[in-house]
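# Commentary on secondary and tertiary structure
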Amino acid sequence: MISGALRRISTATPPLSTLMESSSGSQRLRALAQQLRLYKPPPSPPSSDDDEEEEKRQESARKVVSQLGFAESAAPIPHPPKFTPKRAAVLICLFEGDAGDLRVILTKRSRNLSTHSGEVALPGGKAEEGDADDCATAMREAKEEIGLDPSLVAVVTVIEPFLSKHLLRVTPVIGILSDYKVFNPVLNTSEVEEIFDAPLEMFLKDENRRSEQREWMGTKYLVHFFDFEEENKKYMIWGLTAGILIRAASVVFQRPPLFEEQKPISKIRGSITRGDTMP
């Protein structure tokens, strides 16, 4: 349950009370923090008789959403062999822009990386043994990648995990940066090529967006692509990052996107082995 995840929010980040009392945080950010602390995930879809026991087991293990929005419980992995995805986390760091809009910090990954090179991503990465929880993973990675001091960010909630192309279980952590001007980015150039920000609300609009239908293990789904341009630089935000930001924007603004987020998903049958990837 998300409420359990909230109880595990790392003490390395400032408590919500700090943001609420901060003179630098706007009333809008304070209200947003209160709203997000009350966030609860949508209920899991009803299960069939054949899969009732499997659905109960997977529901208790937390709902997992793929990079395109379908639940792991809707795609049960047969046992044996038992497949356990490795954990990862990303930080959705929100702040208020000069125009009063909510914006999210994004990066462009180094072209020298072996996976997702040159792609737009949220700060984050794989969990390490010393990480207390998903929030600690996201904050540690953000500090390593872009020099974001955890003391500047108030973590307010986490949303449903996603399953990445390489079958990592990625938990999005939402944090609020009350004063963007005190953040001085220091890029780890071996991992990050650029840092920029984009309006979160764009991921609910059907503008500068396209989608492609793909298929994985007999199930069709949509991949979303958003074109974004700022200061004469063009970026493509797609796949896992786009899927996470669509969901995050829906939670923050409390409304669905103005486009079809996903195709209806039926049960997926078949075995998964380590090293498999989604198309």
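Above this text sits the structure in question.
Read on for a plain summary of the structure. (Residues numbered from 1 in each chain as written. Predicted model: local features only at pLDDT ≥ 70, side-chain atom pairs only at ≥ 80, totals over all residues. Heavy atoms only, no water.)

Side chains on a regular strand alternate between the two faces of the sheet. The element strand 3 (residues 102-109) is largely enclosed, with a buried count of seven among its eight residues. Looking at chain direction, strand 2 (residues 87-96) and strand 3 are connected through three bridges and run antiparallel. Along strand 3, the bridge assignment pairs Phe95 with Arg103. Here two bridges tie strand 3 to strand 4 (residues 120-121), and the two strands are oriented antiparallel to one another. Bridging from a neighbouring strand, Lys108 pairs with Val120 of strand 4. (Buried < 20%, exposed > 50% of the residue type's maximum accessible area, 1.4 Å probe, protein only. Helix = DSSP H or I, 4+ residues; strand = E, 2+ residues; numbered from the N terminus. Pairing = 2+ DSSP bridges.)

For the rest of this paragraph, the subject is unusual backbone geometry. A positive phi angle is found at Asn208, which is not glycine, with a value near 50 degrees. By the secondary structure assignment, Asn208 is in the loop between strand 9 (192-199) and strand 10 (209-216). The phi torsion at Glu231 lies on the positive side, around 50 degrees, for a residue other than glycine. Residue placement: Glu231 occurs in the loop between strand 11 (219-230) and strand 12 (233-238). Its relative accessible area of 73% is what places Glu231 among the exposed residues.

The sheet contact formed by strand 11 and strand 12 spans six bridges and is antiparallel. What sits directly across from Phe226, in strand 12, is Ile237. Counting the residues between successive antiparallel strands, the hairpin from strand 11 to strand 12 contains two residues, one of them, Glu231, with a positive phi of roughly 50 degrees.

Turning next to the environment of Met236. With respect to the element layout, Met236 can be found in strand 12. Once the C-alpha coordinates of Met236 and Arg209 are considered, the two residues, 27 residues apart in sequence, prove to be 9.7 Å apart. Residues in contact with Met236, not counting those within four places in the same chain, are Val120, Arg210, Phe225, Phe226 and Asp227. (Contact = heavy atoms within 4.5 Å.)

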